[in-house]
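Understanding the architecture of this molecule
One-letter residues, chain by chain:
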Amino acid sequence: MERSKGPYITITIVDKVFQFPYVPSRCGFAQSQEAYDGAVNELFSTLDKIEDHLGSNRYLCGERLTLADVCLFTTLIRFDPVYNNLFKCTKKKLVEYPNLYGYLRDMYQIPGVAATCDISAIMDGYYKTLFPLNASGIQPAISSSGDQESLLRPHNRDLVGKAMEAQLAV
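First, a word on what this report is: a plain description of the structure on this page. (Residues numbered from 1 in each chain as written. Predicted model: local features only at pLDDT ≥ 70, side-chain atom pairs only at ≥ 80, totals over all residues. Heavy atoms only, no water.)

All right, on to the overall build of the protein chain then. Within the protein chain, the regular secondary structure consists of seven helices and zero strands. Ordered by position in the sequence, the α and β elements of the protein chain form the string α-α-α-α-α-α-α. For the protein chain, the residues scored as buried account for 40% of the 170 residues in total. Within the protein chain, residue pairs in contact and separated by at least 24 positions form 74% of the contacts whose partners lie at least 6 positions apart. Of the accessible surface of the protein chain, which amounts to about 9,400 Å², a share of 57% is contributed by carbon and sulfur atoms. (Helix = DSSP H or I, 4+ residues; strand = E, 2+ residues; numbered from the N terminus. Buried < 20%, exposed > 50% of the residue type's maximum accessible area, 1.4 Å probe, protein only. Contact = heavy atoms within 4.5 Å. Areas by Shrake-Rupley, 256 points an atom, 1.4 Å probe, with all protein chains shown as cover.)

Have a look at this one:
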């Protein structure tokens, strides 16, 4: 029964992922508490769903990397260093989601990907270049979960889908 729900859940999550990069900014640019609460609840509800989904799937659409994964990665790599503070997405840090954080590390460790991720440049872009968002130009200290060294820690995501397949076979 759980298997039959898989494709629907995947489609729903992938649809959310393509809209996802705009949700953190809706939190940060909210003009009322009601607007902020709605945006932040939508953001973390989506993260919760993706977290659950990644508990039994290595990637968003199963065992194969897709464009949806690449799109989600570009948002996740910015989440703890930027969105958490600057856009007030502070309910949780990405590191508090074990599957999402492992997924981020898995994607980051794909050969060639880390070389395209300059966390310092990302931080400078949001905290210094986008002046109206951060008029002081002060860049917060980055938590260890967002530094490039921690992204190289083992993730064991290669075992996720295989463990689930073994359980279903029994």
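Further notes follow.
Here we take up the packing of aromatic side chains. This model, assessed by the stated rule, comprises six aromatic pairs. Summarising the aromatic geometry, the rings of F44 and F79 are spaced 6.1 Å apart at their centres and angled 80 degrees between planes, so their arrangement reads as edge-to-face. In this pair, F44 sits in helix α3 (residues 33–54) while F79 sits in helix α4 (residues 67–86), placing the two residues 35 residues apart along the sequence. There is no split in this pair, since F44 and F79 are both buried. Each ring, one from F79 and one from Y83, has its centre 6.3 Å from the other, and the planes form 85 degrees; the classification is edge-to-face. Remark: Y83 and F79 occur in helix α4; sequence separation between them is four residues, near one turn of the helix. The residues F79 and Y83 share a single accessibility class, namely buried. (Phe/Tyr/Trp six-rings, centres within 6.5 Å; stacked < 30°, edge-to-face > 60°.)

We now examine the pattern of salt bridges. This structure, assessed with the given rule, holds three salt bridges. A salt bridge links D106 to R58; the nearest nitrogen and oxygen atoms lie 2.9 Å apart. Of this pair, D106 sits in helix α5 (residues 98–108) while R58 sits in the loop between α3 and α4; the two residues are 48 residues apart in sequence, bridging distant segments of the chain. For the pair D106 and R58, a shared accessibility class is recorded, and that class is buried. We note a salt bridge from K128 to D124, for which the minimum N-O separation is 3.8 Å. Of this pair, K128 and D124 both sit in helix α6 (residues 119–129), four residues apart, roughly one helical turn. (Salt bridge = Lys/Arg side-chain N within 4 Å of Asp/Glu carboxyl O.)

Once that is clear, we can look at the packing of α3 against α5. As a packed pair, α3 and α5 sit with axes 7 Å apart at the nearest point and diverge in direction by 75 degrees. In terms of their interaxial angle, α3 and α5 are classed as roughly perpendicular. Contacts between α3 and α5 involve L47, I50, E51 and L54 from the first element and P98, N99, L100 and Y103 from the second. Here the contact of α3 with α5 is built from residues that sort into six nonpolar, one polar and one charged. (Axes fitted to C-alpha atoms, helices over the stretch in contact; angles between N-to-C directions. Parallel < 35°, antiparallel > 145°, perpendicular 65-115°, else oblique. Nonpolar A, V, L, I, M, F, W, Y, C, P; charged D, E, K, R; others polar.)

Moving on to α3. Its 22 residues place the ends of α3 31 Å apart at the C-alpha level, agreeing with the 32 Å of an ideal helix rising 1.5 Å per residue. Of all the positions in α3, only Y36, A39, V40, L43, F44, T46, L47, I50, E51, H53 and L54 are classed as buried. (Expected span 1.5 Å × (residues − 1).)

Here the focus is the packing of α4 against α5. At a closest axis distance of 10 Å, the pairing of α4 and α5 adopts a crossing angle of 105 degrees. If you check the angle between α4 and α5, you find them roughly perpendicular. Where α4 approaches α5, its residues D69, V70, L72, F73, L76 and I77 are matched on the opposing element by L100, Y103, L104, M107 and Y108. Tallied by class, residues from the contact of α4 with α5 come to 10 nonpolar, no polar and one charged.

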